[in-house]
Amino acid sequence: MVDKFCVGRVHSPAGGQGTNTAMQDAINLAWKLALVHKGLSPPSLLETYETERMPVVAEMLNLTTQLHERAFNRIPSTARSSPTEDPIDPMSRPLNLLQLGINYRWSPIVVEGRDKAEARGHQDPHGVAGGELRAGDRAPDATDLSVRGKDEGGATTSPPVAHHTMYGLVAAAKGKHVILIFPASLEDVRGSVEGLRGYVQSGVAEALVVLEPGMREAVGGVEAYGARVCVDESGHARTGYGVETGSTAIVVVRPDGIIGAYVLGIDQAHEYFSRILYV
């Protein structure tokens with residue numbers, strides 16, 4: 001550890017990853033501490049902080065070490081003359097430094113409910129770029145999600161419809177899990193919402209039903225079940241989350257923005273919550 005990060009005009013070439021990593025450490029641990037503090041989860045949940053974050057931090061330290069070596073070693077002539085980005089160019093910064101592709105697929109508390117035998121592969125926190133979305137991955141955003149506006153009294157507001165992003169709707173849960181329900185029919189909505197109601201009532205989660213445009217008339221009925229609802233106007237949410245039209249999926253987004261469970265039914269969703277809560 002150095003005494004200073006900068007001296008005059010000279011700064012560390014490591015990429016400033018300490019702060020980014022520390023914030024992700026805090027976000028990963030905070031929701032787990034909250035559940036344990038409230039008596040909803042066993043203390044063993046806190047052990048997954050190390051399980052999930054240590055491989056990420058180790059990878060980042062390896063990467064910043066490589067950046068230091070590039071900066072302080074002589075630059076070969078081939079690096080100066082290369083017309084494309086050269087991996088040994090000391091000013092080159094890999095996309096991994098964005099830390100947007102970090103995953104926890106190996107975590108013992110995530111549940112992949114589809115037939116994905118390779119989902120629990122070796123601990124490679126940056127090895128899934130461009131791959132199929134799975135449990136343990138960062139939840140993607142989606143745009144053009146319409147939500148019927150209501151005032152405090154429950155009356156429809158003007159304008160009657162507001163457009164949101166998935167991140168905005170997830171953030172509105174204020175630190176709770178968000179259970180995204182992608183239904184194939186209104187019957188699927190009712191069964192899913194009622195089957196998961198206990199987690200909503202206990203304050204652990206909120207349910208958000210994502211309807212296809214053809215199911216727009218069901219908005220009022222879904223709201224009557226006590227769940228939030230939005231219409232996936234352009235299909236961005238189903239496409240981003242890999243849910244085929246006409247099929248049902250349940251995606252549980254953790255408070256840290258990671259997909260805790262990608263499942264096809266209520267029983268698999270219960271399996272996820274049984275891994276983090278007292279049963």
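Residues numbered from 1 in each chain as written. Predicted model: local features only at pLDDT ≥ 70, side-chain atom pairs only at ≥ 80, totals over all residues. Heavy atoms only, no water.

Undergrad: Can you explain the layout of surface pockets? Please cite residues and give values.
TA: Approximately 460 Å³ is the volume found for the second largest pocket. Lining the second largest pocket are 24 residues, with Ile27, Arg138, Asp256, Gly257 and Ile258 positioned closest to its centre. For the lining of the second largest pocket, the elements supplying multiple residues, two or more each, are helix H1 (17-37) and helix H4 (166-171). Of the residues forming the lining of the second largest pocket, the biggest block, four residues, is contributed by H4. Classifying every residue of the lining of the second largest pocket by side-chain character gives 15 nonpolar, five polar and four charged. (1 Å grid on protein atoms, 1.4 Å probe; cavity = no way out; pocket = protein on both sides within 12 Å on 5 of 7 lines; lining within 4 Å. Points joined across faces, edges and corners; volume = space filled by probe spheres on them. Helix = DSSP H or I, 4+ residues; strand = E, 2+ residues; numbered from the N terminus. Nonpolar A, V, L, I, M, F, W, Y, C, P; charged D, E, K, R; others polar.)

Undergrad: Pulling in residues and values, what's your account of unusual backbone geometry?
TA: Even without being a glycine, aspartate 144 presents a positive backbone phi close to 60°. Among the residues examined, aspartate 144 registers a relative accessible area of 26% and is labelled partly exposed. Positive phi, close to 55°, is recorded for lysine 174, a residue that is not glycine. Inspection of the secondary structure assignment puts lysine 174 in the loop between H4 and strand S6 (177-182). On the basis of relative accessibility, which here comes to 76%, the residue lysine 174 falls in the exposed class. (Buried < 20%, exposed > 50% of the residue type's maximum accessible area, 1.4 Å probe, protein only.)

Undergrad: Any chance you could break down the nonpolar core for me, citing the residues and the numbers?
TA: Ile179, Val209, Leu211, Tyr272, Phe273 and Ile276 are the most contacted members of the largest nonpolar core, which has 33 residues in total. With residues near it in sequence (within four places) discarded, tyrosine 272 still touches Trp31, Ile109, Val111, His177, Val252, Arg254, Gly260 and Ala261. (Core = buried A, V, L, I, M, F, W, Y, C linked by side-chain atoms within 4.5 Å. Contact = heavy atoms within 4.5 Å.)

Undergrad: Pulling in residues and values, what's your account of the pattern of salt bridges?
TA: Scanning the model with the defined rule gives 14 salt bridges in all. With its nearest N and O atoms 4.0 Å apart, the salt bridge here joins glutamate 206 to lysine 176. Here glutamate 206 is found in strand S7 (residues 205-211), whereas its partner lysine 176 is found in the loop between H4 and S6, with 30 residues between them in sequence. The partner of arginine 190 in a salt bridge is glutamate 194, and the shortest N-O contact between them spans 3.1 Å. Residue arginine 190 and its partner glutamate 194 are both found in helix H5 (residues 186-195); the two are separated by four residues, about one turn of the helix. Residues joined in a network through salt bridges with shared partners are Lys32, Glu52, Arg254 and Asp256. (Salt bridge = Lys/Arg side-chain N within 4 Å of Asp/Glu carboxyl O.)

Undergrad: Please set out the pairing of S6 residue by residue, giving values where relevant.
TA: Taken across its six residues, S6 has six buried, putting it largely inside the fold. The alternating pattern of S6 places His177, Ile179 and Ile181 and Val178, Leu180 and Phe182 on opposite faces, both of which are buried. Judged from the five bridges that link them, S6 and S7 form a sheet pairing that is parallel. Bridging from a neighbouring strand, leucine 180 pairs with leucine 208 of S7. Two strands pair when backbone bridges link them, and S6 and strand S9 (residues 249-253) are joined in this way by five bridges, in the antiparallel orientation. Bridge assignment links valine 178 to a residue of S9, and that residue is valine 253. (Pairing = 2+ DSSP bridges.)

Undergrad: How would you explain the packing of aromatic side chains if you had to name every residue and give the values?
TA: Under the criterion given, the structure shown has four aromatic pairs. Measuring from ring centre to ring centre gives 6.1 Å for tyrosine 104 and tryptophan 106, while their planes differ by 85°; the resulting arrangement is edge-to-face. Residue class for tyrosine 104 comes out buried when judged on its relative accessible area of 3%. A residue is classified by how much of its surface remains accessible, and tryptophan 106, at 10% relative accessible area, is buried. Ring geometry for tyrosine 199 and phenylalanine 273: centres 4.0 Å apart, planes at 20°, overall stacked. Placement of the pair is tyrosine 199 in helix H6 (residues 197-201) and phenylalanine 273 in helix H9 (residues 266-276), with a sequence separation of 74 residues. Exposure remark for tyrosine 199: the relative accessible area of 15% places this residue in the buried category. Assessed through its relative accessible area of 1%, phenylalanine 273 is described here as buried. Taken together, Tyr199, Tyr272 and Phe273 form an aromatic cluster joined through their ring pairs. (Phe/Tyr/Trp six-rings, centres within 6.5 Å; stacked < 30°, edge-to-face > 60°.)

Undergrad: Give me H5: which residues, what numbers.
TA: When we look at burial in H5, the residues that qualify are Val189, Ser192 and Val193. End-on view of H5: buried residues confined to an arc of 95°, all on one side of the axis. (Arc of directions from axis to C-beta.)

Undergrad: Account for H1, with residues named and values stated.
TA: Taking 1.5 Å of rise per residue, 21 residues should cover 30 Å, and H1 covers 30 Å from first to last C-alpha, within 8% of that figure. Residues of H1 that are buried: Gln17, Thr21, Asp25, Asn28, Trp31, Lys32 and Leu35. Taken from the residues just after H1, glycine 39 is the one with a positive phi, measuring 80°. (Expected span 1.5 Å × (residues − 1).)

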